[in-house]
Amino acid sequence: MPLSPARFSYLLLLAPAAVVVGLDQVTKTLAQAHLRDGSVQLVRGVLSLRLTYNSGGAFGVLQGMPGVFLAATAVVIAALLYAAHRTTESAWLVPFGLVLGGGLGNVVDRIFRSNDGRVIDFIHIRLWPTFNVADSAISIGVLLILLVSARNGTRAREAEPAGGREAPSGE
């Protein structure tokens, strides 16, 4: 039985979100189990795995306010679901799904893990704050949203008549 366009749209949104949440939760569980005794160097001086807990937002902004980020994430998730429902262009759906999955992955930490509302971070790149799979998905999703937006802006400009918009005739 073929998928209807509406079901295909939901698949494009929810499949990446589900994959992100799954990978995020599995990697966070592994990080908690295997990184308690210290960090692991993967690429000397560049990339390591180290277990940290973040009670703030991205890059440690507003530490100690997990409730604020839980509420903000709920608003973003609702906005993404609304935008995905309203869009007629499927190019938006996978990026929306990545951001949705990342947000949900971090919400799971704040609500269901016993970390006092903190998010588990474990990927550390030198000169960059420690992050996780959910944070990566959010960053990649936002970058793709910007690229789709820029592409749509270019298409709109190319579709305009030569010389831009027509001036009123003044009759």
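Below, the structure is looked at part by part. Every chain is numbered on its own, with residues counted from 1 as its sequence reads. Confidence filtering applies because this is a predicted model: local features only for residues at pLDDT of at least 70, side-chain atom pairs given and counted only at 80 or more, and all residues used for totals across whole chains, interfaces and linings. Just so you know, side-chain values use all the structure's heavy atoms and leave hydrogens and water out.

## Side note on the overall build of the protein chain
Here is step 1: Strands here are runs of E lasting at least two residues and helices are runs of H or I lasting at least four, both read from the DSSP assignment and numbered beginning at the N terminus. When you go through the protein chain residue by residue, the secondary structure sums to 4 helices and 3 strands.
Here is step 2: Moving toward the C terminus, one meets the helices and strands of the protein chain in the order α-β-β-α-α-β-α.
Here is step 3: Taken over the C-alpha atoms alone, the protein chain extends approximately 80 × 45 × 30 Å along its principal axes.
Here is step 4: Each residue's exposure class comes from its accessible area (1.4 Å probe, protein chains only) as a fraction of the maximum for that residue type: buried when under 20%, exposed when over 50%, partly exposed otherwise. Burial statistics for the protein chain: of 171 residues in total, 32% are counted as buried.
Here is step 5: In short, Shrake-Rupley with a 1.4 Å probe defines the accessible areas, and a residue's cover is counted only from the protein chains shown. With the model as given, the accessible surface of the protein chain reaches about 10,800 Å², and the carbon-plus-sulfur share is 66%.
Here is step 6: Lys and Arg are tallied as positive, Asp and Glu as negative. Neither His nor the chain termini are counted. For this purpose, a charge sits on NZ of Lys, CZ of Arg, CG of Asp or CD of Glu. Averaging the positions of the 14 positive and the 11 negative side-chain charges in the protein chain gives two centres separated by 8 Å.

## A short note on the environment of H124
Here is step 1: Residue position: H124 is located in strand 3 (residues 119-125).
Here is step 2: Taking relative accessible area as the criterion, H124 reaches 16% and is therefore assigned buried.
Here is step 3: Once the C-alpha coordinates of H124 and V107 are considered, the two residues, 17 residues apart in sequence, prove to be 21 Å apart.
Here is step 4: Pairs of residues are marked as contacts when any of their non-hydrogen atoms sit within 4.5 Å. Aside from chain neighbours lying at most four places away, what touches H124 is V46, L47, S48, R50, P129 and T130.
Here is step 5: N or O atoms closer than or at 3.5 Å make up a polar contact, with two conditions inside protein: a donor-capable atom paired with an acceptor-capable one, and, for residues adjacent in sequence, both atoms drawn from side chains. At a separation of 3.0 Å, a polar atom in the side chain of H124 contacts the side chain of T130.

## Considerations on the layout of surface pockets
Here is step 1: The definitions used throughout rest on a 1 Å grid laid over the protein atoms alone, on which a cavity is an enclosed set of points accommodating a 1.4 Å probe that cannot get out and a pocket is an open set flanked by protein within 12 Å on both sides along at least five of seven lines; lining residues are those having an atom within 4 Å of a point. Grid points are joined across faces, edges and corners, and a volume is the space filled by probe spheres set on the points. One number sums up the size of the largest pocket: a volume of about 540 Å³.
Here is step 2: As for the largest pocket, its lining consists of 24 residues, and the residues nearest its centre are G57, A58, N106, D135 and I138.
Here is step 3: Among the elements of the structure, helix 2 (66-86), helix 3 (93-112), strand 3 and helix 4 (133-159) are those that each provide at least two residues to the lining of the largest pocket.
Here is step 4: Its residues assigned to classes, the lining of the largest pocket comprises 11 nonpolar, 10 polar and 3 charged. Three classes are used: nonpolar for Ala, Val, Leu, Ile, Met, Phe, Trp, Tyr, Cys and Pro, charged for Asp, Glu, Lys and Arg, and polar for all others, with Gly counted as polar.

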